[in-house]
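Tertiary structure, described
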Amino acid sequence: MRVSMYDDRLEILSPGRLPNTVTLDNMRETRYSRNPRIARTLVEFGWVRELNEGVKRIYTEMQRLLLNDPTFNEPDGSKVQLTLENNIVTRTLRQQDALEDRIAREVLSSLNEYELAAVQAAYARGRVTTKGLAELIGRSTKFSSAILKSLDAKGVLTWHGTSRTDPAQYYSLS
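Nothing here was measured: the structure is a model prediction, and the numbers come from that model.

So, about the packing of helix α5 (residues 113-125) against helix α7 (residues 141-153). Contact geometry of α5 with α7 gives a least axis separation of 10 Å together with a crossing angle of 75 degrees. One element, α5, and the other, α7, form an angle in the roughly perpendicular class. Every residue of α7 that contacts α5 at Y114, E115, A118 and V119 is listed here: F143, I147, L148, S150 and L151. Partitioning the contact of α5 with α7 into residue classes produces seven nonpolar, one polar and one charged.

Right, dumping it as structure tokens:
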């Protein structure tokens, strides 16, 4: 296996052809493990959630991150190549458009850089915590907590928890 990382994409080249029942056209729906022993071991160690989740999960994660669908091909018929595009400019524009579908443009433009980072984190991950925001922006948890509370007061984020000392508390987009 060879993994190549470029500025705009990740390419994974795996030796060996696709199994007989799997084609480039049906691989999204057809479930087949190229190496069932390795697959079972990964499940037992907890490194994958279920057998045959790989292709489906790749598509789901790429769509969640507003990236183009992955592309599979078989160069020279003896290996399988997966290409995952990551155009940061395009992704940023798509993310901005998607955020504007949920939050008014005027509200987004009024946010400072830290508030915008919190909103983007909540959008990308589905939630944001005080600690997570502090690590993301390189500031203290006290500072991050104030940012998140401010966004909650503005109605941009919603707080979830049982008390302000709840260790599982988090914020999500309103």
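The buried fraction of strand β4 (residues 79-85) is high, at five of seven residues. Bridge analysis of strand β2 (residues 9-15) against β4 gives seven bridges, and the strand direction is antiparallel. Looking across to β4, one finds that L13 is bridged to Q81. With three bridges joining them, strand β3 (residues 71-73) and β4 adopt antiparallel strand pairing. Each residue of the ladder has a partner; that of T71, found in β4, is T83. Hairpin connection from β3 to β4: five residues lie between these consecutive antiparallel strands, with D76 at a positive phi of about 55 degrees.

What follows concerns the environment of P15. Position of P15 relative to the elements: it lies in strand β2. Measuring from C-alpha to C-alpha, the distance between P15 and R2 comes to 8.7 Å, with 13 residues separating the pair along the chain. Setting aside chain neighbours within four positions, we find P15 in contact with M1, R34, S78 and K79.

The subject of this paragraph is the sheet that holds β4. The strand order across the open sheet built from four strands is β1-β2-β4-β3, with neighbouring strands paired in antiparallel fashion. The sheet is open, and its two edges are formed by β1 (2-5) and β3, each paired on a single side. Between one strand axis and the next, the sheet turns by 15 degrees as a mean value, whatever way the strands run.

What follows covers the pairing of strand β5 (residues 157-160). Remark: a regular strand shows side chains that alternate across the two faces of the sheet. Of the two faces of β5, the one lined by L157 and W159 is fully buried and the one lined by T158 and H160 carries no buried residue. Of the pairings in the sheet, the one linking β5 to strand β6 (residues 170-173) comprises four bridges and is antiparallel in character. By the bridge assignment for β6, T158 is matched with S172.

The backbone of D76 sits at a positive phi, close to 55 degrees, despite the residue not being glycine. With respect to the helices and strands, D76 occurs in the loop between β3 and β4. Among the residues examined, D76 registers a relative accessible area of 60% and is labelled exposed.

As a further point, take the pattern of salt bridges. Applying the stated rule across the entire model yields four salt bridges. Residues R9 and D8 are paired through a salt bridge, measuring 3.0 Å at the closest nitrogen-oxygen approach. Its relative accessible area of 26% is what places R9 among the partly exposed residues. The partner of E11 in a salt bridge is R9, with the nearest N and O atoms 2.7 Å apart. You can call E11 buried: its relative accessible area is 16%. In the salt-bridge network here, residues are joined through shared partners; they are D8, R9 and E11.

The tally for this structure, following the rule as stated, stands at one aromatic pair. Their ring planes at 85 degrees and their centres at 5.1 Å tell us that Y114 and F143 sit as a pair that is edge-to-face. With Y114 in helix α5 and F143 in helix α7, this pair connects stretches of sequence that are 29 residues apart. You can call F143 partly exposed: its relative accessible area is 25%. Here R28 stacks its cationic end above the ring of Y59, 3.8 Å away from the centre of that ring.

Quick notes on the rules
Residues numbered from 1 in each chain as written. Predicted model: local features only at pLDDT ≥ 70, side-chain atom pairs only at ≥ 80, totals over all residues. Heavy atoms only, no water. Axes fitted to C-alpha atoms, helices over the stretch in contact; angles between N-to-C directions. Helix = DSSP H or I, 4+ residues; strand = E, 2+ residues; numbered from the N terminus. Parallel < 35°, antiparallel > 145°, perpendicular 65-115°, else oblique. Contact = heavy atoms within 4.5 Å. Nonpolar A, V, L, I, M, F, W, Y, C, P; charged D, E, K, R; others polar. Buried < 20%, exposed > 50% of the residue type's maximum accessible area, 1.4 Å probe, protein only. Pairing = 2+ DSSP bridges. Salt bridge = Lys/Arg side-chain N within 4 Å of Asp/Glu carboxyl O. Phe/Tyr/Trp six-rings, centres within 6.5 Å; stacked < 30°, edge-to-face > 60°. Lys NZ or Arg CZ within 6 Å of the ring centre and 35° of its normal.

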